[in-house]
Amino acid sequence: MAEVDHRCLACGQVHPDAREVTLIDGTVVSSYSEAWRMECEARAVLAIPSVQKRREYLFGSIDRFGKPSGGVEQRRGRESALQLAEVVKRLWYAAKQSDAA
Ligand SMILES: [Zn+2]
């Protein structure tokens, strides 16, 4: 089993409370990894109770100048928003499958 890299994505240090966590696809990573941070954010997006609001969180809402603003896309870029949307989709399918089982 591969050793988990516990370095913090923000500062590069290993924090004493770092622990191993399992992603939805079964990969074991550090609780300080970008993959885990993103999956936590995706869970929060999924918990937003409207499709419209989930879209706005990711891609922004139209402001009074007719421009999208305030979303992940505007703050962190298109690539980040699409990556996060992909993880949200994956979590959604996984939840659906466990409902059906
Ligand atoms: Zn840190």
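This text follows the structure it describes.
What you see as residue numbers is a count from 1 along each chain, following the sequence as written. Whole-chain, interface and lining totals are the exception, using all residues; otherwise, since this is a predicted model, local features are given only for residues with pLDDT of at least 70 and side-chain atom pairs are given and counted only at 80 or more.

Novice: Let's hear about helix H1 (residues 34-47): which residues, and what values?
Specialist: Secondary structure follows DSSP: runs of H or I at least 4 residues long count as helices, runs of E at least 2 residues long count as strands, and numbering of each begins at the N terminus. Take the number of residues in a helix, subtract one, and multiply by 1.5 Å to get its expected span. The end-to-end C-alpha separation of H1 is 20 Å, in line with the 20 Å expected for 14 residues at 1.5 Å each. For the exposure call, what matters is how many other C-beta atoms sit within 10 Å of a residue's own: 20 or more marks it buried, 12 or fewer exposed, and in between partly exposed, using C-beta atoms placed from the backbone. Taken together, the buried positions of H1 are Glu39, Ala42 and Val45. Looking down the long axis of H1, one finds its buried residues gathered within 115° of arc, a one-sided arrangement. Along H1, the residues that are exposed and aim more than 90 degrees away from the buried face are Ala44 and Ala47. Buried residues along H1 sit in contact with helix H2 (51-59) and helix H4 (78-100). In this description, the arc belongs to the directions extending from the helix axis to the C-beta atoms. Contact criterion: two residues are in contact if their C-beta atoms, reconstructed from the backbone, are within 7 Å.

Novice: Give me the lowdown on the nonpolar core, citing residues and values where you can.
Specialist: Membership of the largest hydrophobic core is limited to 7 residues, which are Ala42, Val45, Tyr57, Val72, Leu84, Val87 and Val88. Here this core takes 3 residues from H4, the largest share from any one element. With residues up to four places along the chain from it excluded, the contact list for Val87 reads Met38, Glu39 and Ala42. Among buried residues, those of type Ala, Val, Leu, Ile, Met, Phe, Trp, Tyr and Cys that are joined through C-beta atoms within 7 Å form a set called a nonpolar core.

Novice: Please set out the packing of H1 against H4 residue by residue, giving values where relevant.
Specialist: Interaxial angles span 0 to 180 degrees and are taken between N-to-C directions of axes, which are lines fitted to C-alpha atoms, for helices over the stretch in contact. Relative to each other, H1 and H4 sit at 70°, their axes nearing to 9 Å. In terms of orientation, H1 and H4 fall into the roughly perpendicular class. Seen along the crossing, H1 lies across H4 with a hand that is right-handed. Contacts between H1 and H4 pair Met38, Glu39, Glu41, Ala42, Arg43, Val45 and Leu46 from the former with Gln83, Leu84, Val87, Val88, Leu91 and Trp92 from the latter. Three categories are distinguished: nonpolar for Ala, Val, Leu, Ile, Met, Phe, Trp, Tyr, Cys and Pro, charged for Asp, Glu, Lys and Arg, and polar for the others, with Gly belonging to the last. Within the contact of H1 with H4, the residues separate by chemical class into 9 nonpolar, 1 polar and 3 charged. Any angle that is under 35 degrees is reported as roughly parallel, and any over 145 degrees as roughly antiparallel; angles of 65 to 115 degrees are reported as roughly perpendicular and all others as oblique. In a left-handed crossing the near helix is turned counterclockwise from the far helix by less than a right angle, and in a right-handed crossing that turn is clockwise.

Novice: Hey, could you go over the environment of Pro49 for me, with residue numbers and the actual values?
Specialist: By secondary structure assignment, the location of Pro49 is in the loop between H1 and H2. Assessed through the 7 C-beta atoms surrounding it within 10 Å, Pro49 is described here as exposed.

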